[in-house]
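# Survey of secondary and tertiary structure
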Amino acid sequence: MSIKEGWERFSKSQLFWPILALAIVLLFNLIFTKDFFSIEIKEGHLYGVAIDILNRAAPLMILATGMTLVIATGGGGVDVSVGSVIAISGAVAAALIGGSLQYVDGVQQFVTNVSMPVAILAALAVATLLGAWNGFLVAKIGIQPIVATLILLVAGRGLAQLVTQGQIITIYYKPFSYIGTGFLLGLPFTIFIVAALFGLTYYMVRKTAMGLFIESIGINASASRFSGINVSKYVFMVYAFCGFCAGVAGLIICSNVSSADGNNAGLFMELDAILAVALGGNSTSGGRFTLVGSLIGALVIQSITTSIYALGVPPEITLVVKALVVIAICLMQSEEFRKTLQRKGSTNRGNQCGKIEAKL
């Protein structure tokens, strides 16, 4: 395959516009943000803005992975409750780990209420159960996805505050903070969590028939059902998996700040997750999907956020600036918008040629 053929093939792929959007954001920072790509090594750990973007984007990338599969099932598939599930996951982990000051072998130290692995498994189990509840409402009862998950969006914050008793629970147990702030092989540990979860998901949807079944359901659920695919089973599984992803993201966020805030943890992250899937080149009407594109979309969002803070944009207008940048990227990715610009450009060139010929 020649370079020209390779370029034409890449430019028509689903990943072309997400990668181009990320490249433009990074190029902007290369020019206007000082030391954006500078990386330092301190005590064997890598530090820098680029590393910080990867670290802070980890919860969003995990959310986007689960949200991609939900949206791919079509029929208006979406899970707007993931932000509340994040809060519940963190609240459960914090309540179970807790910690009290005790003397162990004559040394004063914090001791957990239950072992950390048990607390983590319990938090993930609760998050998966909540996702399964969404799947049950959508796949078995037939409630519209946005309505079914809206129930948990509203009730979830209340559940999280019930667990935390309306307080911000501080976790003093040091090993728990390793999940969100630890380093492995010089890189933030969260990057390895994202890589492991993404690798497992990618294997399941691309190396087994599951990915084809999900895409088939998203394109035409009725035809998939008649062809023998158990549509309700796969829709149920996808929502349960999305809840699991929200649980992992909740543990990372909770660990990062060593506390659980049932009111603010994961607030509005469901919107960023949906936006990451859309910016990643995925159709919100379901069908064909790309997990890599969703990860790139999450990195685009985090890069924009970091850039806004790095440039010193006043806090009161950061959301407006972020929205304008996102709108520009969405317009750039819109095939219809590009065709409109091309038609307008052709019309203007035609008018100019007509004027020149009239003068001659």
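Structure: above.
### Here we look at the pairing of strand β1 (residues 39–42)
Across four bridges, β1 lies against strand β2 (residues 45–48) in antiparallel orientation. Each residue of the ladder has a partner; that of Lys 42, found in β2, is His 45. Once β1 ends, the chain turns through two residues before running back antiparallel as β2, passing Glu 43 with a positive phi of about 55 degrees.

### Points about the environment of Val 49
Considering the arrangement of structural elements, one finds Val 49 in helix α3 (residues 49–56). For the pair Val 49 and Ala 310, spaced 261 residues apart in the sequence, the C-alpha separation amounts to 9.3 Å. If near-sequence neighbours (up to four positions away) are discounted, Val 49 is found in contact with Asp 35, Phe 36, Ser 38 and Thr 306.

### Thoughts on the side chain of Arg 157
By the secondary structure assignment, Arg 157 is in helix α7 (residues 145–164). Buried charged residue Arg 157 carries no salt bridge. Nearest counter-charge: Glu 270, at 5.3 Å. Of the polar contacts made by the side chain of Arg 157, one reaches the backbone oxygen of Ala 265; its length is 2.7 Å. There is a polar contact of 3.4 Å between the side chain of Arg 157 and the backbone oxygen of Gly 266.

### Remarks on the nonpolar core
By size, the foremost hydrophobic cluster in this structure holds 84 residues, and its most contacted members are Ile 62, Leu 63, Phe 176 and Val 300. With 13 residues, the single largest contributor to this core is helix α12 (residues 231–257). Once residues within four sequence positions are removed from consideration, Ile 62 is found in contact with Ile 193, Val 194, Leu 197, Cys 245, Val 248, Ala 249 and Ile 252.

### Some points on the packing of helix α5 (residues 82–97) against α7
It is the contact of α5 with α7, at a shortest axis distance of 8 Å, that shows an interaxial angle of 15 degrees. Put simply, α5 runs roughly parallel to α7. For the pair α5 and α7, the sense of crossing is left-handed. For the pair formed by α5 and α7, the contact residues are Gly 83, Ser 84, Val 85, Ala 87, Ile 88, Ala 91, Val 92 and Ala 95 on the first element and Leu 152, Leu 153, Gly 156, Arg 157, Leu 159, Ala 160, Val 163 and Thr 164 on the second. The residue makeup of the contact of α5 with α7, split by class, is eleven nonpolar, four polar and one charged.

### Thoughts on the pattern of salt bridges
Counted according to the given criterion, the structure contains three salt bridges. Of the charged contacts, one joins Asp 52 and Arg 56 as a salt bridge, the two residues approaching to 3.2 Å between their closest N and O atoms. Of this pair, Asp 52 and Arg 56 are both found in helix α3, four residues apart, which corresponds to roughly one turn of the helix. For Glu 215, the salt bridge is made with Arg 206, and the minimal N-O distance between the two is 3.5 Å.

### Concerning the side chain of Asn 29
Relative to the helices and strands, Asn 29 resides in helix α2 (residues 16–32). In this structure Asn 29 comes out as buried when scored by relative accessible area, which is 0%. At a separation of 2.7 Å, a polar atom in the side chain of Asn 29 contacts the side chain of Ser 307. What Asn 29 contacts, discounting residues up to four positions off in sequence, is Phe 36, Ser 303 and Ser 307.

### A closer look at the layout of surface pockets
Put simply, the largest pocket is a space of about 1000 Å³. Residue lining of the largest pocket: 28 residues in total, with Leu 267, Met 269, Asp 272, Gln 302 and Thr 305 positioned closest to the centre. In terms of residue class, the lining of the largest pocket is made up of 16 nonpolar, eight polar and four charged. Considering only enclosed or pocket space, the second largest pocket measures out at about 390 Å³ in volume. Taken together, 20 residues make up the lining of the second largest pocket; nearest its centre are Leu 197, Leu 200, Thr 201, Phe 241 and Phe 244. Those elements that provide at least two residues to the lining of the second largest pocket are α6 (116–141), α9 (189–206) and α12. Take the lining of the second largest pocket: its biggest share by element is eight residues, from α9. For the lining of the second largest pocket, the residue count by class is 19 nonpolar, one polar and no charged.

What counts and what doesn't
- Residue indices begin from 1 for each chain and proceed along its sequence in written order.
- Where totals are concerned, whole chains, interfaces and linings use all residues; where local detail is concerned, this predicted model gives features only for residues with pLDDT of at least 70, and gives and counts side-chain atom pairs only at 80 or more.
- With hydrogens and water excluded, all non-hydrogen atoms of the structure serve as input to the side-chain values.
- Pairing between strands is defined by DSSP: at least two bridges between the two strands are required.
- Put simply, DSSP H or I for four residues or longer makes a helix, DSSP E for two residues or longer makes a strand, and each gets a number counted from the N terminus.
- Residues count as neighbours in contact if any of their non-hydrogen atoms are within 4.5 Å of one another.
- For each residue, the accessible area found with a 1.4 Å probe, counting protein chains only, is set against the maximum for its type, and the residue is called buried under 20%, exposed over 50%, and partly exposed in between.
- Under the counting rule used here, the positive set is Lys and Arg, the negative set is Asp and Glu, and His together with the chain ends is not counted.
- Only one rule defines a salt bridge in this text: a Lys or Arg side-chain nitrogen within 4 Å of an Asp or Glu carboxyl oxygen.
- Distance and chemistry together define a polar contact, namely a pair of N or O atoms within 3.5 Å, with one atom able to donate a hydrogen and the other to accept it when in protein, and with adjacent residues in sequence counting only for side-chain atoms on both sides.
- Residue types Ala, Val, Leu, Ile, Met, Phe, Trp, Tyr and Cys, when buried and joined through side-chain atoms within 4.5 Å, form a set referred to as a nonpolar core.
- Orientation is described by axes fitted as lines to C-alpha atoms, over the contacting stretch for helices, and by angles from 0 to 180 degrees between their N-to-C directions.
- These descriptions rest on fixed angle ranges, namely under 35 degrees for roughly parallel, over 145 for roughly antiparallel, 65 to 115 for roughly perpendicular, and the rest for oblique.
- In this scheme the crossing of two helices becomes right-handed for a clockwise turn of the near helix relative to the far one and left-handed for an anticlockwise turn of less than a right angle.
- The nonpolar class holds Ala, Val, Leu, Ile, Met, Phe, Trp, Tyr, Cys and Pro. Asp, Glu, Lys and Arg form the charged class, and all remaining residues, Gly among them, are polar.
- Cavities and pockets were defined on a 1 Å grid built from protein atoms only: a cavity is a group of points that admits a 1.4 Å probe but offers it no way out, a pocket is an open group of points flanked by protein on both sides within 12 Å along at least five of seven lines, and a lining residue is one with an atom within 4 Å of any such point.
- Grid points are joined across faces, edges and corners, and a volume is the space filled by probe spheres set on the points.

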